[in-house]
Amino acid sequence: MAEQEEVWSQEEIDHIKDKIMQAMEAVIDPELGIDIVNLGLIYEVNVFNGGYCEMKITLTTMGCPLADVITEDIHKAMEEIDEINELDVKLVWYPAWDTSRMTRYARIALGIR
């Protein structure tokens, strides 16, 4: 007999997404010293029944040599989200990242107006 997959309500999915974004605040861009949430590097988070998560992120520059480090840190941070058992981090370049995506906190911390 096949196991039946748990079906989450939209409210439950939103709660899981909130947990994911809180966990991502622990992922720090090594060059800037600010978390990827406040830098605005997370473009999209999709959570699907069964515990699959697709996360679309970008980096501050296309040639960023730390993409692997950041992706690994994302996977480590996601380990605390019990509902997620599979994660696919997709690196995207459109729309291009710029400082307008940063939160007020990140702007102040980096001295950007």
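Look up a bit, the structure's there.
Now for a look at the structure at hand. Keep in mind that what you see is a predicted model, and the values were worked out from it rather than measured.

1. A closer look at the side chain of Asp35
Relative to the helices and strands, Asp35 resides in the loop between helix 1 (10-24) and strand 1 (42-48). One buried charged residue, Asp35, remains without a salt bridge, the closest side chain of opposite sign being Arg101 at 12 Å. Here Val37 takes part through its backbone nitrogen, which lies 3.0 Å from a polar atom of the side chain of Asp35. Apart from the residues lying within four places of it in its own chain, the contact partners of Asp35 are Met24, Glu25, Val27, Ile28 and Tyr105.

2. Here we look at helix 1
Under the 1.5 Å per step criterion, the end-to-end length of helix 1 is 21 Å for 15 residues, consistent within 8% with the ideal 21 Å. Those residues of helix 1 that fall on the buried side of the exposure criterion are Ile13, Ile16, Ile20, Ala23 and Met24. Take helix 1 and look down its axis: the buried residues cluster within an arc of 100°, on one side only. Across from the buried face of helix 1, at angles greater than 90 degrees, the exposed residues are Glu11, Asp18 and Gln22. The elements touched by buried residues of helix 1 are strand 1, strand 2 (52-57) and helix 2 (67-78).

3. As for the pattern of salt bridges
For the structure shown, the criterion picks out 4 salt bridges. For Asp88, the salt bridge identified is with Lys90, shortest N-O distance 3.6 Å. The partly exposed category is assigned to Asp88, whose relative accessible area is 26%. Here the salt bridges share partners, and the residues they tie into one network are Glu54, Asp88 and Lys90.

About the criteria used
- Residues numbered from 1 in each chain as written.
- Predicted model: local features only at pLDDT ≥ 70, side-chain atom pairs only at ≥ 80, totals over all residues.
- Heavy atoms only, no water.
- Helix = DSSP H or I, 4+ residues; strand = E, 2+ residues; numbered from the N terminus.
- Buried < 20%, exposed > 50% of the residue type's maximum accessible area, 1.4 Å probe, protein only.
- Lys, Arg positive; Asp, Glu negative; His and termini not counted.
- Salt bridge = Lys/Arg side-chain N within 4 Å of Asp/Glu carboxyl O.
- Polar contact = N/O pair within 3.5 Å; in protein donor to acceptor, adjacent residues only side chain to side chain.
- Contact = heavy atoms within 4.5 Å.
- Expected span 1.5 Å × (residues − 1).
- Arc of directions from axis to C-beta.

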